[in-house]
Structure formats: structure tokens, C-alpha cells
Amino acid sequence: MLPRPFTYHRPTSLDNAVALMARHVDDVSPYAGGTELLLAMKMHFADYEHLVDLKRIPDLCAIARNGDTLSIGALATHAAIATDAVIQEALPALAGLCGSIANARVRAAGTIGGNLCFAEPRADPPVLLSALDAELCLISVRGERRVAAGRFITGTLETTRAPDEILLRIEVPLKARTVRYERVVHGHRTVAGAAAVIEHDASAAPRIWLGCVATHPVALPNAETYVAANPGVLDNALTQAIASDIAPLNIADDEDAGADYRRHLAETVTIRAIAGTVQQEVRAS
Amino acid sequence: MTPAHKIALTLNGDQVEASVAAHTLLIDFLRDSHALNGVKRSCDMQVCGACTVLVDGRPMSSCTMLAVDADGASVATIEGLGGPEGLDPVQEAFLEHGALQCGFCTPGFILATKALLATNPSPSREEIEHHLSGNICRCTGYQKIIEAVESLVH
């Protein structure tokens, strides 16, 4: 199917883009790689009167390390992140994940910012970025604001992005930490994904997030508490803590997996992510 | 109607100027306006790879890309490969290894292979399989396709 007709704007400066978003706030979407937006518009699942193409704005795809912060421009493609030398060195888990999203064409077109803003429940990067305690920087005519990645997505295709806001960049703190993302994929879609981040500073709490199973990524507080108190321990009590976090989640059947199976996979990938950090720490020591 | 947008691109080596509506998809621009019917529409949702084209050397699903996005870019379809002197080496390899059955997926596989070898001239078998996992052959002739690509690795 074809998308319904819309008005296409191609600003070449951020100021112009912000102004266009404000002017057309009633029916506008930022447009980046289009891998999700255009698909939704082709299916007439989403319609916008105005698209503001961000791809010709300089520097929005920049990737840089500034001291202890990794800054990833919202327009950086999955392929760019996967092959970026800075990210491969500083955050190999993110480079590896972005190098295995969907297929080569989606990785060449799709952007990390679009992935976050579209908030597809099966998207992997928001899970890992939430566990990494990344911050998102957004801009509108009202100025810039920052929001934690873990608080940005609030439901299926729902975020706290205001209709006229543009995601500028993602900032990931680079600390001494062990990071692991584990997932189970059916076809090209993830049916359960979990991220575990263990801080080497023992006073900092571990962060364990689960996604691709319910409406949006969630922290697993019981698992985090257990791992904090019992570092490196992989036992039945850990499994029970994870299960108690997963029990209240609203997990539904879909075409890829039944709810019971997905619940089982959610526990499995979470244990694998935590176990993966333990293995990595053993290997490093 | 939304206003038409003027675009200028390099298409299979030729300079092309056109006027397109914003919601025109690249696949329709290539097939309908330029009769480049080697670009195949199949799944229409970026899964199968039959509509693969190279945009500035990168593999893209032309079914889910706007024609206006090709403005200023260099676009290559299967029709742009090879020349009077003969087929492209990737095409030759597919022929030699019988890496095609019905042929519907073949342009996409060949262009995906071009993109892979341009960035990684010596991919391992695992890397070839990973890169081509986004292209689907309904005849299931994957073995010969992988062998053809492996034959190009030096």
C-alpha cells in the first residue's frame, strides 16, 4: 500500500526543524530512517499531515566520547553504531546489538532515535539503554530537556515526547561496569530481551531491565535487589526473584509466542543476562 | 494533491531529474517511471529483500523509502550492474554456482552481496549468512547462494 499524501519538509538547520515542528504541532511527525514510520503509514496505521525530515540536518548523527559520556546522535543508524570504533571499544554490547537488529537494510536506514521514539514494544535498544541509565536530550521551541531512557517509553508506541519535540541525542554514562544483553528472536523479531548492568563500584546498584515481552521495557527491582545482595550468585532464589518481577507484567499472546511461553522466555533471558555478566567478570579477572 | 518535489539523483550511473509527490515510494519511482523491473515488490515490509537497491552503496528496501530521500544520492539497481564487456563478477558467480532457481529474489541477493563485499571483501561464512539473512529465497536455494558468495572471497 501507499502512504496517504502528506506535506514533506526538509529543513537543513535544527532551528528550522524546531520551528516546523511547532508550526505543525497538531499533525506532525519527525522523520528519520522511516523503517517503522513509513511502514505504519503504508499500512494506514499511522497518518500525519506533515513529516519533518531530520536527515539533512548536520551533526544529528554524530557519535562522540566526551570524557565519561558517550553521546550518540539520534540520527545515527544501527549500522553506524555497530561499526563505530568508539562504541565498539567503549560499549561493545550496544555495538553488537545494533549489528544484529532486523536485517542489513533496516540497519542501514533505521536510526537509534527513531527506534526510541517509535516505541515499538519489540525494540531491543530501549531495553539496553534503560539498563545503561542513558539520558535522552530533546528539543522544542520551549528549549531543551533531558529524560532518563527508562522513563521515556510509557506504553505500546507511547513515549513522553511532546508532539513537537525532536530527540537530539542519547547520552550514555561510561563507567566501569559489566554489560550483557540477551534475547530470543523469532524470525527477525525479539520475543524477549533482557539487559544486566553490574557496576564495578560496589556501592552502585545493579540495573536489570526486561523488554520485548510486555508493552514497554521495565526494571526488575526484586532481581536487582537480589543481585546487589548476592553478587555472582546464580541460584533458585535469583530465579524466584526474577519470576516475582515478571508475574505482575501484562504479557499477551501474539503471533510469535503465547503469553506463557513468553513469560518463560522472559525469565530465561533475564537469567542468561545476569549469568553473562558473571561469566564476563570471571573472564576479566 | 501535495506539491511535487524536484529531485536529482544518479541512477545506474546516469544523471536523472524528476518531479515526485512526497509519498511516492522509491520502488514505484524506479519501476513505473524508469522501467527498472529488476526491483521486485514482494513482502512490502522490509523483510524479504526482493526490492533491495543500493543507495550510496548501502543496501536499502526501496519499498519502504521515499523517492524524495534519493535526492542527491547515487542509486543502483540490478540493471546498473555489468556492462557491454560482460556481467558483474557477482552475477558471474551466481551463474557459475547455479545460485538461482526462479530468479525473483536474485537481484536483491546480488545487490546485498555487492554491499557486503564493498565493506568486507573477505567475509567468513558466518558473516555472509548473517548479512544475507535479510534476503529470502522462496525456492530455498540458499546453499548455492552462499557458495556463490564464498567463491568471491579471496
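Going along each chain's sequence as written, the residues are numbered from 1 onward. Chains and ligands are labelled by the order in which they are written, letters from A for the one and numbers from 1 for the other. Where totals are concerned, whole chains, interfaces and linings use all residues; where local detail is concerned, this predicted model gives features only for residues with pLDDT of at least 70, and gives and counts side-chain atom pairs only at 80 or more. Excluding hydrogens and water, the side-chain figures rest on all heavy atoms present in the structure.

(A) Examining the packing of aromatic side chains more closely. Only centres within 6.5 Å qualify two rings of Phe, Tyr or Trp (six-membered ring in Trp) as a pair; their planes then separate them into stacked at under 30 degrees, edge-to-face at over 60, and tilted for everything else. Per the counting criterion, the structure on display carries 1 aromatic pair over all chains. Look at Phe109(B) and Tyr142(B): their rings are 6.4 Å apart centre to centre, the planes differ by 65 degrees, and that puts the pair in the edge-to-face class. Of this pair, Phe109(B) sits in helix α3 (residues 106-119) while Tyr142(B) sits in helix α5 (residues 142-150); the two residues are 33 residues apart in sequence, bridging distant segments of the chain. Note on criteria: charge over ring means Lys NZ or Arg CZ within 6 Å of the ring centre, with the direction from the centre no more than 35 degrees off the ring normal. Between the NZ or CZ atom of Lys55(A) and the centre of the ring of Tyr31(A), over which it lies, the distance is 3.8 Å. Helix and strand definitions follow DSSP, with helices as H or I runs of at least four residues and strands as E runs of at least two, each counted in order from the N terminus.

(B) Main features of the layout of surface pockets. Cavities and pockets are defined on a 1 Å grid built over the protein atoms alone: a cavity is a set of grid points where a 1.4 Å probe fits but cannot escape, while a pocket is an open set with protein on both sides within 12 Å along at least five of seven lines, and lining residues are those with an atom within 4 Å of any such point. Grid points are joined across faces, edges and corners, and a volume is the space filled by probe spheres set on the points. In this structure, the second largest pocket spans a volume of roughly 710 Å³. What lines the second largest pocket is a set of 24 residues, and nearest its centre among them are Ala79(A), Thr83(A), Arg107(A), Thr119(B) and His131(B). By the convention adopted, Pro, Cys, Tyr, Trp, Phe, Met, Ile, Leu, Val and Ala count as nonpolar, Lys, Arg, Asp and Glu as charged, and the other residues, Gly among them, as polar. Counted by class, the lining of the second largest pocket contains 10 nonpolar, 11 polar and 3 charged residues.

(C) A look at the pattern of salt bridges. All names here are of chain A. Any carboxyl oxygen of Asp or Glu that lies within 4 Å of a side-chain nitrogen of Lys or Arg is treated as forming a salt bridge with it. Taken as a whole and assessed by the stated rule, the structure comprises 27 salt bridges over all chains. With its nearest N and O atoms 3.3 Å apart, the salt bridge here joins Asp256 to Arg122. You can see Asp256 sitting in the loop between α11 (236-246) and α12 (259-284) and its partner Arg122 sitting in the loop between α7 (112-118) and α8 (125-131), a full 134 residues away along the chain. Taken individually, Asp256 and Arg122 each receive the classification buried, so the pair is uniform in this respect. Among the charged side chains, a network of salt bridges with common partners joins Glu120, Arg122, Arg189, Asp254, Glu255, Asp256 and Arg262. Residue exposure (1.4 Å probe, protein chains only): buried if accessible area is under 20% of the type maximum, exposed if over 50%, otherwise partly exposed.

(D) Quick peek at the interface of chain A and chain B. By definition in these notes, contact holds between two residues if any of their heavy atoms fall within 4.5 Å. On the side of chain B, 29 residues touch chain A, which itself brings 29 residues to the contact. Once two parts are joined, some of their accessible surface, as seen by a 1.4 Å probe, is lost; buried area is that loss totalled over both. Where chain A abuts chain B, roughly 2300 Å² becomes buried across the two surfaces, and 56% of that area is made up of carbon and sulfur atoms. A per-residue breakdown of the area chain A buries against chain B is headed by Tyr8(A), Lys42(A) and Arg105(A), which together make up 27% of the total. Across the contact surface, chain A and chain B share 3 salt bridges.

(E) The arrangement of the domain arrangement of chain A in detail. The split of the chain into domains comes from an automatic or database domain assignment. According to the domain assignment, chain A contains domain 1 (7-53), domain 2 (63-173) and domain 3 (186-284). Computed over C-alpha atoms only, the centres of domain 1 of chain A and domain 3 of chain A are separated by 35 Å.

(F) Representation of the sheet that holds strand β4 (residues 58-61) of chain B. Residues and elements named next belong to chain B. A pair of strands is treated as paired once DSSP finds two or more bridges between them. Here 5 strands make up an open sheet; going across it, the order is β2-β1-β5-β3-β4 and the pairing mixed. Looking at strand neighbours, the two that pair on one side only are β2 (14-21) and β4, the edges of this open sheet. Going across the sheet, the axis of each strand differs from the next one's by a mean of 40 degrees, ignoring polarity. With 2 bridges connecting them, strand β1 (residues 4-11) and strand β5 (residues 74-76) associate as parallel partners. Note on β5: the bridge partner recorded for Leu11 is Val75. Where helices are involved, their axes are fitted lines through C-alpha atoms of the stretch in contact, as for all axes, and angles between N-to-C directions lie from 0 to 180°. Across the face of the sheet, α3 comes into contact with β3 (52-55), β4 and β5 while running at roughly 30 degrees to β3.

(G) A look at the nonpolar core. Throughout this description, the term nonpolar core refers to a set of buried Ala, Val, Leu, Ile, Met, Phe, Trp, Tyr and Cys residues connected via side-chain atoms within 4.5 Å. If you look at the biggest cluster of nonpolar residues, it comprises 53 residues, and the most contacted ones within it are Ile72(A) and Leu129(A). Those residues in contact with Leu129(A) that sit more than four places away from it in its chain are Leu94(A), Ile112(A), Leu116(A), Ala134(A), Ala149(A), Ile170(A) and Val172(A). Counting residues in hydrophobic clusters, the runner-up holds 37 residues, among them Leu51(A), Val39(B), Cys51(B) and Leu66(B).

(H) Region of interest: the domain arrangement of chain B. All names here are of chain B. What the domain assignment lists for chain B is domain 1 (4-80) and domain 2 (89-150). Taking the mean C-alpha position of each, domain 1 and domain 2 sit 21 Å from one another. Each partner contributes residues to the interface: domain 1 has 16 residues there, and domain 2 has 12 residues. The junction of domain 1 with domain 2 conceals about 1100 Å² of combined surface from both sides, 71% of it contributed by carbon and sulfur atoms. If you look at where domain 1 meets domain 2, you find 0 salt bridges. Polar contact criterion, stated in full: a pair of N or O atoms within 3.5 Å, where within protein one must be able to donate a hydrogen and the other to accept it, and residues adjacent in sequence count only if both atoms are side-chain atoms. Here domain 1 is connected to domain 2 by 2 residue pairs in polar contact (both at pLDDT 80 or more). Take the side of domain 1 that touches domain 2: its biggest share by element is 3 residues, from β3. In the side of domain 1 that touches domain 2, the residues fall into 8 nonpolar, 6 polar and 2 charged.

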